[in-house]
Structures are given as C-alpha cells and as structure tokens.
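Architecture at a glance
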Amino acid sequence: MKTYDVIVIGGGAAGLSGALALARSRRSVLVVDDGTPRNAPAEGVHNFLTRDGTPPAELYALGREEVAGYGGEFATGTVTAVRRDDLFTVELADGTTYQGRRLLVTTGLTDTLPDVQGLAERWGRDVLHCPYCHGWEVRDQAIGILATTGMATFQALLFRQLSDDVTLFLHTAPEPTDEQWEQLAARGISVVQGKVERLEVEDDRLTGLRLEGGRVIPRQALAVQTSLRARAGFLADLGLEIVEQESNGLVVGTIVAADAQGATAVPGVFVAGNVTDARATVMPAAAGGLMAAGGVNADLIAEETRLAVAARSR
C-alpha cells in the first residue's frame, strides 16, 4: 500500500488550500472527500477575494485542478475510522483504506436547523444565517430573524445594517434583556412574540412566517441560528475530544481544539477550517488550511531531520 506524507480528510476550501501548499512543498498528498460541502445549497461564495459569487462546486473544481497540477491525488468516500500504529490508517465506508504519515482534517461542520415546517427546504436560498456570506443578496428586503438562542439580538443588529425592515421573532429564544430591548427599539427592529409554526411560500419564494394561532407576518428572507457540530466523530479512536466553542459567552458550536497552526492534542493530527473554528467563513477557512499545511510540513521536516542526524551518527 502506498504511504502518503499527508492524508487530507475533507475537500473544501480549507482542505484544498492545505493540500495545495503541501503538494507545492513536494509532499505526497491524498485528499479524501465525500462530496457534501456545507455550503452546497448556496448559489455563490462571497467575500472571497477575486472569486466573489463563484458557485461552491466551481470553486472546489478549480481548487482540485490546481492541487492535481502539483501531483496531489484524490479519493471519493466517507471516512468512518482512523487508527494509528507507526502510520495513520484511514478507513472509508466502502472498506477502502489508505495510509499516511500525517493527517490534516478539514471536514467542517454540520448545521442542525430549527424545527420549523418548510425551513429546511429554503436553506441556503432565502433562509440563511450569515450576513457576510449572503447579506448583500437580501439587502433592503423584509428580513426576519428566527430567535432560538441568546445570539438572536446580535444577529438582528447585524442584518439591520442591510435593511430598514427587520423583525425579530422570539420563537424559542430567551426573553431579551432590558439592554437588548433598548437596542432593538433604538434601531427600529420590531419584535414578534410567539412561536413560528411554518414558512409561507408562493411561486418558490418565501412570503411570510405563520405563527401558532394562524397569524402571518410577511417576510422575504429569514435568518436563523443553526446548531453547529464538528464532523469529526471518526477521530474518537485517536482520543481526540470534541469541545464547545464560545463567542461573547455563548456556545456557538462544537469543534476540535488546536493551536494556531492546526496541531491538535494528538501528535501528527492537524485540523483547519470550520472543524476547528465554527465562525470561519470560506476565506478564513482557506487561510487556516494554508497555516495548518505549514505546521504539517514543519512537523515532517523535524522528523526527517531527526532521523537523518541519527543515521549520520551511526
């Protein structure tokens, strides 16, 4: 079986960026990807300099072409287990295995959506979560904020920058604090009490939110806060734990903890992108992949140098 210097698990922006840097450093690299990127429903990737608006599939196809140009290889499949002896063995759902000296895990996150009828079908279209990723596309529209956590007021203030017509639906979130009520009022953000039952759609467009009891509030776009979970269960046998990530005192998701260059608590295992930073958009995820690739390469160089010195002194 061929042994790769690095097996990259995940072929999104972070994984391809890391693979590119490693291949350019003359490392043998295999990228394993299951073809289900988190941003697949989105029409385009935004705030990615020189590629703003590029469809995700097109961006990743360009990345794969660049990686392949430097000798990087690709395998399609879902990683189900990883074990380590002298090398890392990566096992796919179909039973295929690969061996590598180092791992770079860039599998991202899973979004768990609020349980509201019709919401999942609109995800990535007129139901969104990030004002930096998709806010421009819904500017000046009637925007709703579906509150499920204490982050809802902040999310409403972010989208208020994009539209004068923003409504916060309290839904299942905690009651805003006195300070938050003051902020919402000062920014002209209306607040609707009660639980949202379902989305109203006409001609394949969101038209409103129906509350329990039947009242419908017209809306053209809806922002939600998803539950973010690291896609890294296959690392459990290596002893890597999934931990919570907080922002402003609130949990925003679960991640694999790592240092600034992506090194985890398990020697030889590096991470980058959303799997280690739930807040990262596509561009910082790509940057994280590059930084982690530098960490992986430095780790390999240290090992190779140590072995070379030992061999020379014999």
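For the structure, see preceding data.
Residues numbered from 1 in each chain as written. Predicted model: local features only at pLDDT ≥ 70, side-chain atom pairs only at ≥ 80, totals over all residues. Heavy atoms only, no water.

Tallying secondary structure elements over the protein chain gives 7 helices and 19 strands in all. Dimensions along the principal axes, computed over C-alpha positions, put the protein chain at roughly 80 × 40 × 35 Å. Taking all contacts inside the protein chain whose residues are at least 6 apart in sequence as the whole, residues at least 24 apart take part in 60%. On the protein chain, roughly 15,500 Å² of surface is accessible, and the fraction owed to carbon and sulfur atoms is 49%. Considering the protein chain, the positive charge centre built from 28 side chains and the negative charge centre built from 40 side chains are found 6 Å apart. (Helix = DSSP H or I, 4+ residues; strand = E, 2+ residues; numbered from the N terminus. Contact = heavy atoms within 4.5 Å. Areas by Shrake-Rupley, 256 points an atom, 1.4 Å probe, with all protein chains shown as cover. Lys, Arg positive; Asp, Glu negative; His and termini not counted. Charge placed at Lys NZ, Arg CZ, Asp CG, Glu CD.)

Moving on: the sheet that holds strand S14 (residues 216-218). A sheet is described by the order of its strands in space; here 3 strands give the open sequence S12-S13-S14, paired in antiparallel fashion. At either end of the open sheet lies a strand with only one pairing partner, and these are strand S12 (196-202) and S14. Averaged over all adjacent pairs, the angle separating strand axes in this sheet is 30°, with direction ignored. Pairing of S12 with strand S13 (residues 205-211), which is carried by 6 bridges, proceeds in the antiparallel orientation. Along S13, the bridge assignment pairs Glu 202 with Arg 205. (Pairing = 2+ DSSP bridges. Axes fitted to C-alpha atoms, helices over the stretch in contact; angles between N-to-C directions.)

Bringing the pattern of salt bridges into the picture now. Inspection of the entire model under this criterion finds 19 salt bridges. The salt bridge partner of Arg 198 is Glu 200, with a shortest N-O separation of 3.1 Å. Relative accessible area serves as the criterion here: at 26%, Arg 198 is assigned to the partly exposed category. With relative accessibility at 18%, the residue Glu 200 sits in the buried group. Measuring nitrogen to oxygen at the nearest pair gives 2.8 Å for the salt bridge that ties Glu 200 to Arg 210. Of the two residues, Glu 200 sits in strand S12 while Arg 210 sits in strand S13, which places them 10 residues apart along the sequence. Connected through salt bridges with shared partners, the residues Asp 5, Arg 27, Arg 101, Arg 102, Asp 299, Glu 303 and Glu 304 form a single ionic network. (Salt bridge = Lys/Arg side-chain N within 4 Å of Asp/Glu carboxyl O. Buried < 20%, exposed > 50% of the residue type's maximum accessible area, 1.4 Å probe, protein only.)

Once that is clear, we can look at helix H1 (residues 13-24). Between its first and last C-alpha, H1 extends 16 Å over 12 residues, near the 16 Å set by a 1.5 Å rise per residue. Of all the 12 residues making up H1, 10 are buried; the element is thus mostly covered by neighbouring parts of the structure. Taken together, the buried positions of H1 are Ala 13, Ala 14, Gly 15, Leu 16, Ser 17, Gly 18, Ala 19, Ala 21, Leu 22 and Ala 23. Those residues of H1 that are buried are in contact with strand S1 (3-9), strand S2 (29-33), helix H2 (56-69), strand S3 (73-76), strand S6 (97-105) and helix H7 (282-312). Looking one or two places after H1, you find Arg 26, whose phi comes out positive at around 65°. (Expected span 1.5 Å × (residues − 1).)

With 30 residues, the main nonpolar core has Ile 9, Val 82 and Leu 103 as its most contacted residues. Of all the secondary structure elements, the ones that give two or more residues to this core are S1, S2, strand S4 (79-84), strand S5 (88-92), S6, strand S16 (227-230), strand S18 (250-256) and strand S19 (269-271). When near neighbours in sequence (up to four residues on either side) are disregarded, Val 82 contacts Ile 9, Phe 88, Thr 89, Val 90, Leu 103, Phe 234, Asp 237 and Leu 238. (Core = buried A, V, L, I, M, F, W, Y, C linked by side-chain atoms within 4.5 Å.)

This part takes up the pairing of strand S9 (residues 143-146). The alternating pattern of S9 places Ile 143 and Ile 145 on one face and Gly 144 and Leu 146 on the opposite face, and all of these are buried. Direction of pairing for S9 relative to strand S10 (residues 166-169): parallel, over a ladder of 4 bridges. Bridge pairing in S10 links Leu 146 to Phe 169.

Attention now goes to the packing of H1 against H7. Where H1 meets H7, the closest approach of the two axes is 7 Å, and the angle between their N-to-C directions is 35°. In this structure, H1 crosses over H7, and the sense of that crossing is right-handed. In this structure, H1 uses Ala 13, Ala 14, Ser 17, Gly 18, Ala 21 and Leu 22 to contact H7, whose residues at the interface are Val 282, Ala 285, Ala 286, Gly 289, Leu 290, Ala 293, Val 296 and Asn 297. For the contact of H1 with H7, the per-class residue count stands at 10 nonpolar, 4 polar and no charged. (Left-handed = near helix turned anticlockwise from the far one by under 90°. Nonpolar A, V, L, I, M, F, W, Y, C, P; charged D, E, K, R; others polar.)

With that settled, consider unusual backbone geometry. Notably, Arg 26 is not glycine yet its phi reads approximately 65°, a positive angle. Arg 26 sits in the exposed class, given a relative accessible area of 79%.

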